[in-house]
Amino acid sequence: MDFSSFLTSLGTSFLIFVVLMLLFTWLSRKPGNSFVYYPNRILKGLDPWEGGSRSRNPCAWIREALCSSEQDVINMSGVDAAVYFVFLSTALAILVLSGLVLLPVLLPVAATDDNVKIQKAKGNSSTSFSDIDKLLMGNVKGGSPRLWAFLIATYWVSLVTYFLLWKAYVHVSGLRANALMSPEVKPEQFAVLVRDIPHVPEGQTRKEQVDSYFKSIYPETFYRSMVVTNNKQVNKIYKELEGYKKKHAHAEAVYSESKKAGKPEGLRPTIRTGPLGIVGRKVDSIEHYNEKIKELIQKLEAEQKVTLREKQQPCAFAFFTNRVTAASAAQSLHAQMVDTWTVMEAPEPRQIIWSNLKIKLFQRIIRQYVVCFIVALTILFYMIPIGFISALTTLDNLKKLLPFLKPIVNIVSVKTVLEAYLPQIALIVFLALLPKLLLALSKAEGIPSVGHAVRATSGKYFYFTILNVFIGVTLGGTLFSTFKSIEKEPNSIVSLLASSLPGNATFFLTFVALKFFVGYGLELSRIVPLIIFHLKKKYLCKTEAELKEAWFPGDLGYATRIPGDMLVLTIVLCYSVIAPLIIPFGVVYFGLGWLVLRNQALKVYAPSYETYGRMWPHIHTRVIAALMLYQVTMFGYFGVKKFSFSTLLLIPLPILSLLFAYVCQKKFYRSFSDTALEVACRELKEIPNMERIYRSFIPPSLSSEKADDDHFEDALSQVSRVGSFA
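Rules behind the numbers
- Residues numbered from 1 in each chain as written.
- Predicted model: local features only at pLDDT ≥ 70, side-chain atom pairs only at ≥ 80, totals over all residues.
- Heavy atoms only, no water.
- UniProt positions renumbered as here; feature names shortened; annotations may be inferred.
- Patch = residues over 30% accessible without salt bridge, like charges linked within 9 Å, V, L, I, M, F, W, Y side chains within 5 Å.
- Areas by Shrake-Rupley, 256 points an atom, 1.4 Å probe, with all protein chains shown as cover.
- Salt bridge = Lys/Arg side-chain N within 4 Å of Asp/Glu carboxyl O.
- Lys, Arg positive; Asp, Glu negative; His and termini not counted.
- Charge placed at Lys NZ, Arg CZ, Asp CG, Glu CD.
- Helix = DSSP H or I, 4+ residues; strand = E, 2+ residues; numbered from the N terminus.
- Buried < 20%, exposed > 50% of the residue type's maximum accessible area, 1.4 Å probe, protein only.
- Axes fitted to C-alpha atoms, helices over the stretch in contact; angles between N-to-C directions.
- Parallel < 35°, antiparallel > 145°, perpendicular 65-115°, else oblique.
- Left-handed = near helix turned anticlockwise from the far one by under 90°.
- Contact = heavy atoms within 4.5 Å.
- Nonpolar A, V, L, I, M, F, W, Y, C, P; charged D, E, K, R; others polar.
- Phe/Tyr/Trp six-rings, centres within 6.5 Å; stacked < 30°, edge-to-face > 60°.
- Lys NZ or Arg CZ within 6 Å of the ring centre and 35° of its normal.

- Looking at an unreviewed UniProt entry, one finds the protein named CSC1-like protein ERD4 and attributed to Populus tomentosa.
- According to the UniProt record, the Subcellular location (unreviewed entry) comment for the protein reads "Membrane".
- As stated in UniProt under Sequence similarities (unreviewed entry), the record for the protein gives "Belongs to the CSC1 (TC 1.A.17) family."

Okay, here's the thing in structure tokens:
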């Protein structure tokens, strides 16, 4: 990509962001749009505008984001959101501190050498050069003493990363501890999940087996148990019933509107009884839905009894009267054989994946290996089309493969736009197809909670993006452009690949710019959610429930957001010394991301679950992986530059990274996988209502409107009924 195309990409991306920011300022002032731009505040009963919409200016959201505290983020979006912002600020700090040294030192060192000029004079046909290349490490001649500056810079980036990651780990550990020490009653802190329960002894029920086992170990603090059931059929009926209730409310709303718009008696809506409501006998919608609701309620009650009595699974929830006992039980080995009576901390009730709880230990292990194999195949087969995309979407290759496009492509304005955006857009669109597949694979491992599944998905997506986007694009473009040279000299593949690394820097510069300007511009303006909301409101929504469903924002989407940020961090780290110009782009990406997403966390997104920062160890591990990739990249590139000291001096860096990761895991990780007892022993501000805690774990499809407990007598134990807490 030449310099004019690079500037075009950067300028148009910035212009798009400014336009989208102004759109956000204008649209967010309108009261009818408050559900799109302030849903989190509305859900918490707060005033969307705090000072009046007319007094707002285009930069007001920046001031509000900067003035907000970490506690404000926790109050609005939870600890997980606060931990995510610790990651963004840590990445930003790494790049700022690195750039303060690398930019003023490395740019002059590279710019005052003449390797690019020498290569041009030699007429090297396998490499194309632009003005940007004069500022890169590639402009330094092989074996030059100037390479000492780049070697010292490699160490500087690594040491800065170690220091800031350590500080962040300490800070996040404190956030998690403070959240778990909260005097507020959290149901999951009084429960444990029990899996791999052995066969029921003769003469006992599953409920009696679980009760007697835990009562014998925890005679003073065990409250009662809840046996998990196979809810597939009852969930199906419940979902159908809820669907008819929504349709009934919709029909009632349509009927009420008809009274206002037409005759006083109104026009009762009708529906056909056939498939999709478009064929069959025409009937009154309200009466039809009423009949269906009555029929399904009876069917649901019958299926609930069958489910609770006949579909019990070898897993259960055990409840304790204090959270110290629950925390201790979750960390203890309960049976001599590790594949029986497996006890772990209970997930939040709202994030339990019920269908996975019954899966046995060895089945879970086998599933993990199978899923790893499938993910490896996915990465391998996705790498092929991504490599082709990265190669084919360059204009030179398009003109070779599709000669009829030459007249169009050679137009200066078209050429500039295509060079600036075509490869990046093709890559971004291609990656958008993957997350749902990886989430489904993560759930197939037997993971018990949504939060855990999201972390697993994030890890898979990170390694996928690194192997396919960073490495795949680099190798794909290089192999395509140097194939003839490799064919003539197969032994030159390593040197050709390494020497082409600076040439790929311009692609990643524009890729990062496109992501932060256009990506964050769309995030802030919420144009797509706004259009969808108003279309649904005008044509589909008739009830308050339908309206809320149309504007409900969901959460931050950590499964894809964190890997996307990690990809950018990896790219910037790996090119920070080779092409220091990329550092300001990384700084803008994480700085702008911090501002935009802080605004969204405070006003837009509503958390769907809370793990109290459990994703941080996974983020930390992947930052270390990105750092090691950077160190290995620099080791290879210094080898190509024939710098004799690099082999000896750079080998300690990956070893140091592994040692740092090991120390962090030993010091911090246990407090994230388990709850420390000194944290769990803090006093609560009220005596917990154990009955309410236990009922919060009952799935909605099994909830009963009856006041008595007979409905649940087969799956829910009656231990400790006497003396239960108020």
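### Some points on a positive patch on the surface
Okay, so step 1: A surface patch of like charges, here positive, comprises Lys232, Lys236, Lys299, Lys358 and Arg367.
Okay, so step 2: Its location among the elements puts Lys299 in helix H10 (residues 285–310).

### Some points on the pattern of salt bridges
Okay, so step 1: Tallied over the entire structure, the rule returns 14 salt bridges.
Okay, so step 2: Of the charged contacts, one joins Glu345 and Arg614 as a salt bridge, the two residues approaching to 2.6 Å between their closest N and O atoms. A residue pair is termed long-range when its members are at least 10 positions apart, and Glu345 in strand S6 (residues 342–345) and Arg614 in the loop between helix H24 (582–603) and helix H25 (616–640) qualify at 269 residues.
Okay, so step 3: On the basis of relative accessibility, which here comes to 22%, the residue Arg614 falls in the partly exposed class.
Okay, so step 4: In this structure, Glu445 and Lys460 form a salt bridge, with 2.6 Å as the shortest nitrogen-oxygen distance. Here the residue Glu445 occupies a position in the loop between helix H16 (435–444) and helix H17 (450–481), and Lys460 occupies one in helix H17, the gap between them amounting to 15 residues. In this pair, the class of Glu445 matches that of Lys460, namely buried.
Okay, so step 5: The structure contains a network of salt bridges with shared partners spanning Arg224, Glu691 and Arg695.

### Some remarks on the packing of helix H21 (residues 527–539) against helix H22 (residues 544–551)
Okay, so step 1: Here H21 crosses H22 at 165 degrees, and the two axes come no closer than 9 Å. By the angle between their directions, the pair H21 and H22 is classed as roughly antiparallel. As for how H21 packs across H22, the hand of that crossing is right-handed. In contact with Phe533, Lys536 and Lys537 of H21, H22 contributes Leu547, Ala550 and Trp551.
Okay, so step 2: Residue composition of the contact of H21 with H22, grouped by class: four nonpolar, no polar and two charged.

### A look at the side chain of Lys186
Okay, so step 1: Considering the arrangement of structural elements, one finds Lys186 in the loop between helix H7 (147–180) and strand S1 (191–195).
Okay, so step 2: No salt bridge is formed by the buried Lys186; the nearest opposite charge belongs to Glu188, separated by 6.5 Å.
Okay, so step 3: The residues touching Lys186, leaving out its near neighbours within four places in the chain, are Ala179 and Tyr612.

### Remarks on the environment of Ile655
Okay, so step 1: Within the secondary structure, Ile655 sits in helix H27 (residues 652–673).
Okay, so step 2: When its relative accessible area of 54% is taken as the criterion, Ile655 is described as exposed.

### As for the environment of Trp148
Okay, so step 1: Take Trp148: it is sitting in helix H7.
Okay, so step 2: Sequence separation of Trp148 and Ser646 is 498 residues, and the distance between their C-alpha atoms is 9.1 Å.
Okay, so step 3: Those residues in contact with Trp148 that lie beyond four places of it in its chain are Phe643, Phe645 and Leu649.

### Examining the packing of aromatic side chains
Okay, so step 1: Taken as a whole and assessed by the stated rule, the structure comprises 34 aromatic pairs.
Okay, so step 2: The interplanar angle of 85 degrees and the centroid separation of 5.0 Å between the aromatic rings of Tyr589 and Phe590 together place this pair among those described as edge-to-face.
Okay, so step 3: Aromatic ring contacts, followed pair by pair, group Tyr84, Phe85, Phe87, Tyr520, Tyr558, Tyr589, Phe590 and Trp594 into a single cluster.
Okay, so step 4: The ring of Phe85 is capped by Arg598, whose NZ or CZ atom sits 5.3 Å from the centre of that ring.

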